[in-house]
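Structural overview
What follows is the residue order along each chain.
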Amino acid sequence: MKATIQVMWLLTAFCIVVGFIYGFVTDFHELAGFPALLAVGVMSAFLAVYFQLTLRSAKAMLPEDDLEGEISDSAGDYGHFSPWSWTPLLFGAGAMIFVLGLAIDWWIVGLAFPIAMLGVFGMVFEHSRGEHAH
């Protein structure tokens, strides 16, 4: 986790510096790249702070933080996944239509919301019914 935190801080600094350089080069007239780079920098800072707080509260050393660690140290169960599920695809389609609506026209965003919500509800409740119910 320590390596991830360092990468997030480096990405934060890089995106903010490059964002301001990009802004100066374009005289701050092109308002797509400058705010986008600053937003990526801020989001990277959010992740770095979150990971730092998580590491501080858990006080756990991950296998990738051990300099003497082996690849087999990270072997094991990573959780339960649903390889048969189509609902992530439905959610992805809703997210794609949402971004397309932001690029083309605002009314398309209204079409994306029900599709994305069907995907979210499907992912939440897919283990509550059917043959894979718990």
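Residues numbered from 1 in each chain as written. Predicted model: local features only at pLDDT ≥ 70, side-chain atom pairs only at ≥ 80, totals over all residues. Heavy atoms only, no water.

1. Considering the overall build of the protein chain
Short version of the rule: Numbering goes from the N terminus for both helices and strands, where a helix is a DSSP run of H or I of at least four residues and a strand is a run of E of at least two. With a 1.4 Å probe rolled over the protein chains alone, any residue whose accessible area is under 20% of its type maximum counts as buried; one over 50% counts as exposed, and the rest are partly exposed. By definition, residues are in contact when any of their heavy atoms lie within 4.5 Å. Only the protein chains shown count as cover for residues, with accessible areas throughout obtained via the Shrake-Rupley method and a probe of 1.4 Å. Charge convention: Lys and Arg are scored as positive, Asp and Glu as negative, and His as well as the terminal groups of each chain are ignored. Every charge is mapped onto a representative atom, which is NZ of Lys, CZ of Arg, CG of Asp or CD of Glu.
A tally of regular secondary structure across the protein chain gives four helices and zero strands. Reading the secondary structure of the protein chain in the N-to-C direction produces α-α-α-α. Its C-alpha atoms give the protein chain principal-axis dimensions of about 60 × 55 × 25 Å. Counting only residues that meet the buried cut, the protein chain has 22% of its 134 residues in that class. The contacts in the protein chain between residues at least 6 apart in sequence include a share of 62% that link residues at least 24 apart. Only carbon and sulfur atoms are counted for the fraction: they give 73% of the accessible area of the protein chain, which is about 10,100 Å². One way to put it: in the protein chain the 4 positive side-chain charges average out to a point 14 Å from where the 12 negative ones average out.

2. Overview of the packing of helix α3 (residues 87-104) against helix α4 (residues 107-125)
Defined as follows: Throughout, an axis means a line fitted to C-alpha atoms (over the contacting stretch in the case of helices), and angles, computed between N-to-C directions, take values from 0 to 180 degrees. By the definition adopted for this analysis, an angle is roughly parallel if under 35 degrees, roughly antiparallel if over 145, roughly perpendicular if from 65 to 115, and oblique otherwise. Helix crossings fall into two classes, left-handed where the near helix is turned counterclockwise from the far one by less than a right angle and right-handed where it is turned clockwise. Residues are sorted three ways: Asp, Glu, Lys and Arg are charged, Ala, Val, Leu, Ile, Met, Phe, Trp, Tyr, Cys and Pro are nonpolar, and all the rest, Gly among them, are polar.
Between α3 and α4, the shortest axis-to-axis distance is 7 Å and the interhelical angle comes to 160°. Relative to α4, the element α3 lies roughly antiparallel. Judged by the twist between their axes, the crossing of α3 over α4 is left-handed. Counting all contacts with α3, which are made through Thr87, Pro88, Leu90, Phe91, Gly94, Ile97, Phe98, Gly101, Leu102 and Ile104, the residues of α4 involved are Ile108, Val109, Ala112, Ile115, Ala116, Leu118, Gly119, Val120, Gly122 and Met123. Among the residues making up the contact of α3 with α4, the classes are represented as 15 nonpolar, five polar and no charged.

3. A word on the UniProt feature "transmembrane region" (unreviewed entry) in the protein chain
As a reminder, the rule being used: UniProt positions are given in the numbering used here, feature names are shortened, and annotations may be inferred rather than shown by experiment.
Under the UniProt annotation, the feature "transmembrane region" (unreviewed entry) is placed at residues 7-25, 31-51, 81-100 and 106-125. Secondary structure over residues 31-51 splits into 90% helix and 0% strand, and the C-alpha atoms at its two ends are 31 Å apart. Helix and strand shares over residues 106-125 are 95% and 0% respectively, and the end C-alpha atoms of the span are 30 Å apart.

4. Let's talk about the environment of Ala95
By the secondary structure assignment, Ala95 is in helix α3. Expressed as a C-alpha distance, the spacing of Ala95 and Ala116, which sit 21 residues apart in the sequence, is 6.4 Å.

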